[in-house]
Amino acid sequence: MTTTIAAIRGMHDILPERISTWQRIEDAARQVLAGYGYAEIRTPLVEVTDLFKRSIGEVTDIVEKEMYSFTDRNGDSLSLRPEGTASCVRSVIENGLLNQPLRLWYRGPMFRHERPQRGRYRQFHQIGVEVFGLNGPDIDLEVILLTARLWRTLGLTGLRLEVNSLGDTQERAAYREQLVDYLERHRTHLDADSQRRLTTNPLRVLDSKSPETQAITAAAPRLMDSLGEATRAHFAAILAGLDAVGIAYQINPRLVRGLDYYNRTVFEWITDDLGAQGTVCAGGRYDGLVAQLGGRDTPAVGFALGIERLVELVEAAGTVAAPPLDAYLVAVGEQAQREAPVLAERLRDAAPGLRLMTHCGGGSFKSQFKRADKSGARYALVIGDTELVRGVIGIKPLREETGQRELTLAEAAAFLTAASPLA
């Protein structure tokens, strides 16, 4: 007996019954981003491993534990991209696009070898935004505002915004010394992961989920107290903008993000409806990354949102339903079945956007009608040899108790266009 082959653990098929929700989210994002003047970019799924080591940081969980890396036939170390920012930065440097401010967005799969659980998969999908060449707080505010507009477009409520400032390189270095000095005095009470991070990436200790560690970090020095006047003014301008448009937020001093390249502004949109994986969208400013990867000094800011997590929220909110078929064409008789595909094409030409499924495979009138009903179409279109001779089409509502009528092809196209929920 031949064994079946299953999908890789943590990597999932997106089946037809859910695809309309994915398309709705992607279409809404495309529309919102176009409204702010963002252009789409598409980068490869595979990059040289060094790109992610240099950008994300060699002592981060992603690089140390989670990347899908392999040696190709040329002996080069390659990796499936675990996130999109590094690839986007590599692309704009390589293609010489940094001679003017850029507003870019992308979408696609990312890969991390994590323990699969709800909202966290080994192949997951993101929509990301990256802006280059703009230094002021106004662009930080813009990327937060456009995410808020996307939530409204999708009919989502209950997402809360958390913000923080990580300061610039010098401010963060000074704070790091204070933090390490404090945490060293409590090292034995830190969880094992935090003890390891104390010598590699101590700011990540602030993000620990261990209750005992959280109790210690609650009394730790505050990064905000180490910020200079310019950084404080930058952050205050963002908060003032959020206040002006009525977007609620919470300043979270523990919000540090898991990637080394962030500076100044960081933010997350969080929900309580997805269990432990509550972060739906996260981002911030990364002014040093372009130069770190070989480009010139270029300010930058961006974010990424998880499509799988958004899909769950949108489905729970019931704001998206699969668009129904407008009609299902039933053909009875040899001549009618031969003519059905031609007639269907003429209807599609006369009614652009018409969602029409033509019955294929023959069968009795009764069996075809069962298929029509099961398809979810609003109407059955009926042609037989006699209808062909008379030049008419029968139209039978499938979702309401009204009788069948006969119309010419032009009349049928006009009727279906007017009756379409998307008309």
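Residues numbered from 1 in each chain as written. Predicted model: local features only at pLDDT ≥ 70, side-chain atom pairs only at ≥ 80, totals over all residues. Heavy atoms only, no water.

Trainee: Please explain the side chain of Thr-147 as it appears in this structure.
Mentor: Relative to the helices and strands, Thr-147 resides in helix 5 (residues 137–153). Beyond its immediate stretch of four places on either side in the chain, Thr-147 contacts Trp-269, Cys-281 and Phe-303. (Helix = DSSP H or I, 4+ residues; strand = E, 2+ residues; numbered from the N terminus. Contact = heavy atoms within 4.5 Å.)

Trainee: Honestly, the confidence of the model for the protein in this entry has me stumped. Any pointers?
Mentor: One rule of thumb: low pLDDT means the predicted coordinates there are not for detailed reading. On average, residues of the protein carry a pLDDT of 87, and 94% of them reach 70 or more. Mean pLDDT per element in the protein: helix 3 (residues 61–66) is the minimum at 70, and strand 1 (residues 39–40) is the maximum at 96. (pLDDT = per-residue confidence, 0-100.)

Trainee: Would you explain the environment of Ala-419 in this entry?
Mentor: Mapping Ala-419 onto the fold places it in helix 15 (residues 409–419). The buried category is assigned to Ala-419, whose relative accessible area is 19%. In the structure, Ala-419 is positioned 180 residues away from Leu-239 in sequence and 47 Å away in space, judged by C-alpha atoms. Dropping the residues within four chain positions of it, Ala-419 is found in contact with Arg-378 and Tyr-379. (Buried < 20%, exposed > 50% of the residue type's maximum accessible area, 1.4 Å probe, protein only.)

Trainee: What is the right way to look at the pattern of salt bridges in this model?
Mentor: Two side chains with opposite charge may pair up if their charged atoms get near one another. Evaluation of the coordinates by the stated rule reveals 18 salt bridges. The closest approach of N and O atoms between Glu-94 and Arg-90, which form a salt bridge, is 2.9 Å. Residue Glu-94 and its partner Arg-90 are both found in helix 4 (residues 85–94); the two are separated by four residues, about one turn of the helix. The class for Glu-94 is exposed, based on a relative accessible area of 59%. Between Glu-345 and Arg-348 there is a salt bridge, with the nearest N and O atoms lying 2.7 Å from each other. Taken together, the residues Glu-345 and Arg-348, both in helix 12 (residues 334–350) and three residues apart, mark about one turn of the helix. The partly exposed category is assigned to Glu-345, whose relative accessible area is 43%. Taking relative accessible area as the criterion, Arg-348 reaches 27% and is therefore assigned partly exposed. Sharing partners across several salt bridges, the network here consists of Glu-47, Arg-90 and Glu-94. (Salt bridge = Lys/Arg side-chain N within 4 Å of Asp/Glu carboxyl O.)

Trainee: Would you take a moment to explain the packing of helix 6 (residues 169–184) against helix 7 (residues 192–200) for this structure?
Mentor: Two quantities define a packed helix pair, namely the angle between the axes and the distance from one axis to the other. Relative to each other, helix 6 and helix 7 sit at 145 degrees, their axes nearing to 10 Å. Helix 6 and helix 7 meet at a crossing whose hand is left-handed. Across from Arg-176, Val-180, Leu-183 and Glu-184 in helix 6, the residues of helix 7 making contact are Leu-198, Thr-199 and Thr-200. Among the residues making up the contact of helix 6 with helix 7, the classes are represented as three nonpolar, two polar and two charged. (Axes fitted to C-alpha atoms, helices over the stretch in contact; angles between N-to-C directions. Left-handed = near helix turned anticlockwise from the far one by under 90°. Nonpolar A, V, L, I, M, F, W, Y, C, P; charged D, E, K, R; others polar.)

Trainee: Any chance you could explain the nonpolar core here in plain terms?
Mentor: Considering soluble globular proteins, one finds that nonpolar side chains tend to be buried as a cluster. Core analysis: the largest hydrophobic core is formed by 83 residues, its most contacted members being Tyr-38, Phe-132, Val-143, Trp-151, Phe-267, Trp-269 and Leu-305. The element that contributes the greatest number of residues to this core is helix 5, accounting for eight residues. Counting residues in each nonpolar core, the second largest holds 22 residues, with Ala-331, Ala-336, Ile-393 and Leu-407 among its members. (Core = buried A, V, L, I, M, F, W, Y, C linked by side-chain atoms within 4.5 Å.)

Trainee: How should the side chain of Asp-191 be read in this particular structure?
Mentor: Along the chain, Asp-191 falls in the loop between helix 6 and helix 7. At 2.7 Å, the side chain of Asp-191 forms a polar contact with the side chain of Ser-194. Within the structure, the side chain of Asp-191 is placed 2.6 Å from the side chain of Thr-213, a separation counted as a polar contact. Residues contacting Asp-191, with those up to four places away along its chain left out, are Ser-208, Ser-210 and Thr-213. (Polar contact = N/O pair within 3.5 Å; in protein donor to acceptor, adjacent residues only side chain to side chain.)

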